[in-house]
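# Coordinates in review
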Amino acid sequence: MRVLKFGGTSVGSVENLNRVREILTSDQDDKIVVCSAMSGVTDQLVRLVENIRFNDTDAITRNLHKLESKHTDVIDTLIEDQEIRNTLKDGVSIMITEMFEISSQEYSEIINSKIITYGETLLTYIFSGFLNSVGITNVLLDAKEFMHVDVIENPNLDKVGNKLKAILKSKEQSSLYITQGFVCKNEKGQISHLKRGGSDYTATIIGAALYASEVQIWTDIDGLHNNDPRYVDDTHPISHLTYNEAAELAYFGAKILHPQTVSPVVGKDIPVLLKNTFDPEASGTVISNKTYKKGLKAISAKDGITAIKIKSNRMLMAHGYLRRIFEVFDNHNTSIDMITTSEIAISLTIDNINNLDKIIKEIEAYAEITVEQDHSIICIVGESVINDKNSYKLFEILNYIPVRMVSYGGSNNNISLLVDTKDKIPTLRFLNEKLFQTQKKEAVV
Ligand code: ADP
Ligand code: ASP
Ligand code: MG
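Residues numbered from 1 in each chain as written. Chains lettered and ligands numbered in written order. Predicted model: local features only at pLDDT ≥ 70, side-chain atom pairs only at ≥ 80, totals over all residues. Heavy atoms only, no water.

### A look at the overall build of the protein
What counts, and what does not: By definition, any uninterrupted DSSP run of H or I lasting at least four residues is a helix, any uninterrupted run of E lasting at least two residues is a strand, and each is numbered from the N terminus. With C-alpha atoms as the basis for the radius of gyration, the globule rule is written as 2.2 Å multiplied by the number of residues raised to the power 0.38. Three labels apply to residues, based on accessible area from a 1.4 Å probe with only protein chains included: buried if under 20% of the type maximum, exposed if over 50%, partly exposed otherwise in between. The contact criterion used throughout is that any non-hydrogen atoms of two residues lie within 4.5 Å. Every accessible area reported is derived by Shrake-Rupley at a probe size of 1.4 Å, with residue values counting cover from the shown protein chains alone.
A tally of helices and strands in the protein yields 12 helices and 16 strands. Against the 2.2 N^0.38 benchmark of 22 Å for 445 residues, the protein shows a C-alpha radius of gyration of 24 Å, consistent with a compact globule. Summarising its shape, the C-alpha atoms of the protein cover approximately 75 × 60 × 40 Å along the three principal directions. Every one of the 445 residues in the protein was classed for burial, and the buried ones make up 53%. In the protein, the proportion of contacts linking residues at least 24 apart, taken out of those at least 6 apart, comes to 75%. For the protein, the exposed surface amounts to about 20,400 Å²; the carbon and sulfur share of it is 48%.

Spelled out as structure tokens, the structure:
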């Protein structure tokens, strides 16, 4: 059994849904297919939630009509048989009515989750119906019935696996199952979600829960590139990555993967393939526990970072002082990404500022604290990257960009720089030139 996930662009138009159909029928293997919402739909649903929050009934109505016509247009173009077309449109209409009903309720976290996960429900319903209409028999599974995730960062894979196996047993047997990414139920049994981009994570949770032979993530690019292609020209796909490398890159901003994607399959030896729906022959990226090549592999950037400097008149390094500081962050459920220390000060970074006010208040009682927002962590990744003979070149960045913090040696596989977000793109471009282009030139000589 393989798990295949198709992202927003892959399912974003009739043409692309037909490409997905071709990929699914290119072999006879058993598959579970995880689909995202059509591209742009989740963003639209996020806006709908804002309309609910402000009780803007006109905007709610406009938004839901737009959503309905977007999906019924797809049905009209995709499906030839009039009767099937009408049945599917009726189904969409029922879902839109449900959404109207939900939208009339007062805003809450559950209402938010219910609404923003509807894009996946709509799309999988249509896609499953379409495949059946062209003789590709498949069974549609409701992810809410098995994707029960109490702790997002650490899902109970046995729980998900047992529920899913029982559902698969109870349904008619098929070699093709379709289900929704992103949506889950939380520890209270309420509808929740795996955070934006979470369909990748749905796929690896299912893959790990069922001990699949492989998880494939199909998207709009030919694998994970050595730098962010949205900001840097001349990037190239990386053929192989270890789980550790992929996890670091995903956590530190490589948008192609949800930050948690790799964690369920690590230790289960299930490879994750990143493939391009628009170029299925391209080899893409294989993520596994094998190291094919050591040294520098890729650079990524994570925005929304807050740098905090804590300065003390007393000896900062005195026994127990750091513990006291870390406890404050821990008590407020705030994890720390980067840390640097000097004799009298410690600088650290966080990305979750929900409890920052409380943290500041506690620390201010015994130290001076300054906070700087809008920073980005630039992460340079590769097994043994610190031993790569080219790595020293990255420090030339200090000639051009005011680097706020450097983390070197925390692990052999990662060097991180903290810069002001306005310097992110120049930093990514500079590092690309220094670390990859000169490497290419050397290889040619
Ligand atoms: P999907 O909708 O299929 O989940 P995403 O938009 O989430 O697709 O992820 C694919 C996009 O990630 C690419 O189009 C690319 O712009 C962006 N991206 C950012 N960093 C990288 C990287 N290092 N390698 C490849 N793609 C990246
Ligand atoms: N549709 C969701 C989002 O846009 C989940 C996903 O695409 O993975 O975040
Ligand atoms: Mg994505």
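### Some details on the site of ligand 2
Basically, it comes down to this: To be near a molecule or strand, a residue needs just one of its heavy atoms within 4 Å of it. In the analysis that follows, any N or O atom pair within 3.5 Å is treated as a polar contact, provided that within protein one partner can donate a hydrogen and the other can accept it, and provided that, for residues neighboring in sequence, both atoms belong to side chains. Gly counts as polar in this scheme, as do all residues outside two lists: the nonpolar Ala, Val, Leu, Ile, Met, Phe, Trp, Tyr, Cys and Pro, and the charged Asp, Glu, Lys and Arg.
The full set of residues close to ligand 2 is Ser36, Ala37, Thr42, Glu120, Phe182, Arg196, Gly197, Gly198 and Ser199. A distance of 3.4 Å separates an oxygen atom of ligand 2 from a polar backbone atom of Gly198. The contact in question runs from an oxygen atom of ligand 2 to an N or O atom on the backbone of Ser199, over 3.0 Å. Relative to its unbound accessible surface of 260 Å², ligand 2 loses 86% to contact with the protein. Classifying every residue of the shell around ligand 2 by side-chain character gives two nonpolar, five polar and two charged.

### A word on the packing of aromatic side chains
Geometry of an aromatic ring pair is reported as the spacing of the ring centres plus the angle between the planes. Defined as follows: Any Phe, Tyr or Trp ring, taking Trp's six-membered ring, that has another such ring centre within 6.5 Å forms a pair; planes under 30 degrees apart are called stacked, those over 60 apart edge-to-face, and the others tilted. Two thresholds decide whether a charge sits over a ring: the Lys NZ or Arg CZ must be within 6 Å of the ring centre and within 35 degrees of the ring normal.
Within this structure, the stated rule accounts for six aromatic pairs. Plain terms: the ring middles of Tyr400 and Phe430 are 5.0 Å apart, the flat faces sit at 45° to each other, and that makes the pair tilted. Of this pair, Tyr400 sits in the loop between strand E14 (368–381) and strand E15 (405–411) while Phe430 is found in helix H12 (residues 424–444), placing the two residues 30 residues apart along the sequence. On the accessibility criterion, Tyr400 (56% relative accessible area) is exposed. What makes Phe430 buried here is its relative accessible area of 17%. The residue whose ring lies beneath Lys302 is Tyr251, and the NZ or CZ to ring-centre distance is 3.8 Å. Its guanidinium or amino end placed over the ring of Tyr366, Arg324 lies 3.9 Å from that ring's centre, counting from NZ or CZ.

### Concerning the site of ligand 1
Taken together, 15 residues surround ligand 1, and among them Lys5, Thr219, Asp220, His225 and Lys255 come closest. The contact in question runs from an oxygen atom of ligand 1 to an N or O atom on the side chain of Lys255, over 2.6 Å. At a separation of 3.5 Å, an oxygen atom of ligand 1 approaches a polar backbone atom of Ile256.

### Considerations on the pairing of strand E12 (residues 336–341)
For clarity, the threshold we go by: When DSSP finds two or more bridges between two strands, those strands count as paired.
Strand direction decides the pairing type here: E12 and strand E13 (residues 345–350), joined by four bridges, are antiparallel. Residue Thr340 lies in a different strand from E13, and its bridge partner there is Ser347. Between the antiparallel neighbours E12 and E13 lie three residues.

### Regarding the sheet that holds strand E3 (residues 139–140)
Formally: Here an axis means a line fitted to C-alpha atoms, over the contact stretch when the element is a helix, while the angle between two N-to-C directions is reported on a 0 to 180 degree scale.
With mixed pairing, eight strands are arranged side by side in an open sheet as E3-E4-E2-E1-E7-E9-E10-E8. Every other strand in the sheet has two partners, leaving E3 and strand E8 (240–242) as the edge strands with one partner each. The pairing of E3 with strand E4 (residues 176–180) spans two bridges and is classified as parallel. Bridge pairing in E4 links Leu140 to Ile178. Along the sheet, helix H6 (residues 118–133) contacts strand E2 (31–35), E3 and E4; its crossing angle with E4, the most-contacted strand, is approximately 160°.

### Quick word on the side chain of Asp388
Under the convention used in this document: A residue counts as positive if it is Lys or Arg and as negative if it is Asp or Glu; His and the chain ends are not included. Should a side-chain nitrogen of Lys or Arg be within 4 Å of a carboxyl oxygen of Asp or Glu, the pair is scored as a salt bridge.
Structurally, the position occupied by Asp388 is in the loop between E14 and E15. Buried within the structure, Asp388 lacks any salt-bridge partner; its nearest side chain of opposite charge belongs to Lys389, at an N-O separation of 6.0 Å. Those residues in contact with Asp388 that sit more than four places away from it in its chain are Gly295 and Leu296.

### With respect to the packing of helix H2 (residues 41–53) against helix H3 (residues 57–78)
What counts is decided by this rule: For this classification, under 35 degrees means roughly parallel, over 145 means roughly antiparallel, 65 to 115 means roughly perpendicular, and everything else is oblique. Throughout, a crossing is termed right-handed when the near helix is turned clockwise from the far one, and left-handed when it is turned anticlockwise from it by less than a right angle.
The geometry of H2 relative to H3 is characterised by a closest axis approach of 9 Å and an angle of 160° between their N-to-C directions. Looking at the two axes, H2 sits roughly antiparallel to H3. You can see that H2 and H3 cross each other, and the crossing is left-handed. Facing Val41, Gln44, Leu45, Arg47, Leu48, Asn51 and Ile52 of H2, the residues of H3 in contact are Ala59, Ile60, Asn63, Leu64, Lys66, Leu67, Lys70 and His71. Partitioned by chemical class, the residues of the contact of H2 with H3 number eight nonpolar, four polar and three charged.

### Concerning the sheet that holds E14
If you trace the six strands from one edge of the open sheet to the other, you get E12-E13-E11-E14-E16-E15, paired in antiparallel fashion. The outermost strands of the open sheet, each flanked by one partner alone, are E12 and E15. If you compare each strand with its neighbour and ignore which way they point, the axes differ by 30° on average. Taken strand by strand, helix H9 (residues 243–251) contacts strand E11 (298–311), E12, E14, E15 and strand E16 (414–420), and its axis lies near 65° from that of E11. Sitting on the sheet, helix H10 (residues 321–331) touches E11, E12 and E13, and the angle it makes with E13 is about 20°.

Note that every value here comes from positions in space, so none of it alone points to a role or purpose.
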